[in-house]
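A look at the structure
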Amino acid sequence: MQLAYVMTTERGATDRLLTALAERLVERGIRTAGIVQTNTECYDNKLCDMDVRVLPAGETIRISQSLGEGARGCRLNPGALERAVGLVTAGLAAEPAPQILLVNKFGKHEADGRGMRPIIAEALAMGLPVLSGVNRMNVDAFERFAEGLAVETAPDLEALLAWVDKALAEAA
């Protein structure tokens, strides 16, 4: 089983890193599945709109929602995330088959057993390497999910590419 995760400290850095990785993998001819996230700053600079792009070159889905001024709840739109999950699930069955699954974040929904969590398990069962972003709030839940089988990668594009190369070689 090839499972790795990456964490960064700067807001949005993991999203930018995984997006750059996805682009490099496509340039190298590696077939990807999953989602990467793009954040667009909103009018007040405190919040951002969150969009995910379904890999390899699928549609972009806004997964954030406006809850109104003063709201404190999670801005994730679960319906939009589940739509992305459905598209990624279909992508796992595509021909030619993907070689790796990239997941923008193992977040609260995944910690609770929803979101991309079933897809991560499915991809691993298929023998695909999986690389996920994880935030500090959910790293313990991710480690419980991974049952000690995941490795943390350095938050650096070259380190991620090296992990992918090693994982693909071992999967072959």
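A quick note: this is a predicted structure, and the numbers were derived from the prediction, not measured.

Cut-off values and rules
- Residues numbered from 1 in each chain as written.
- Predicted model: local features only at pLDDT ≥ 70, side-chain atom pairs only at ≥ 80, totals over all residues.
- Heavy atoms only, no water.
- Helix = DSSP H or I, 4+ residues; strand = E, 2+ residues; numbered from the N terminus.
- Buried < 20%, exposed > 50% of the residue type's maximum accessible area, 1.4 Å probe, protein only.
- Areas by Shrake-Rupley, 256 points an atom, 1.4 Å probe, with all protein chains shown as cover.
- Pairing = 2+ DSSP bridges.
- Contact = heavy atoms within 4.5 Å.
- Core = buried A, V, L, I, M, F, W, Y, C linked by side-chain atoms within 4.5 Å.
- Arc of directions from axis to C-beta.

Secondary structure summary: the protein contains six helices and seven strands in total. Going from the N terminus to the C terminus, the protein shows its helices and strands as β-α-β-β-β-α-β-α-α-β-α-β-α. Expressed as a percentage of its 172 residues, the buried residues of the protein come to 46%. Carbon together with sulfur atoms contributes 52% to the accessible area of the protein, which is approximately 8,800 Å² in total.

It is worth spelling out the pairing of strand E1 (residues 3–6) at this point. Where burial is concerned, the two faces of E1 agree: the one with Leu3 and Tyr5 and the one with Ala4 and Val6 are both buried. Summarising the sheet, E1 and strand E6 (residues 130–134) pair through four bridges and their orientation is parallel. Looking at the pairing, Val6 lines up with Gly133 of E6.

On to the side chain of Thr32. Within the secondary structure, Thr32 sits in strand E2 (residues 32–41). Those residues in contact with Thr32, other than ones at most four positions away along the chain, are Leu25, Val26, Leu55, Pro56, Pro98 and Ile100.

Moving on, we come to the environment of Asn77. Positionally, Asn77 belongs in the loop between strand E4 (60–62) and helix H2 (78–92). Judged by relative accessible area, Asn77 falls into the partly exposed class, the value being 24%. Sequence separation between Asn77 and Ile63 is 14 residues; the distance between their C-alpha atoms is 5.2 Å.

Further remarks concern the nonpolar core. Membership of the largest hydrophobic core comes to 32 residues, with the highest contact counts inside it found for Ile35, Leu101, Ile120 and Phe142. Elements that contribute at least two residues to this core include exactly E1, E2, strand E3 (48–55), H2, strand E5 (100–106), helix H4 (117–125), E6 and helix H5 (139–146). At six residues, H2 tops the list of elements feeding residues into this core. The contacts of Ile120, once residues within four sequence positions are left out, are Leu3, Leu101, Val103, Phe106, Val130 and Phe145. Formed by 20 residues, the second largest nonpolar core is a distinct cluster that contains Leu17, Leu18, Leu21 and Leu160.

The subject of this paragraph is H5. Among all positions of H5, only Val139, Ala141, Phe142, Phe145 and Ala146 are buried. End-on view of H5: buried residues confined to an arc of 160 degrees, all on one side of the axis. Buried residues in H5 make contact with E1, E5, helix H3 (108–111), H4, E6 and strand E7 (150–152). Backbone geometry just after H5 places Glu147 at a positive phi near 50 degrees.

Take it as geometry only, folks, not as evidence of what the structure does.
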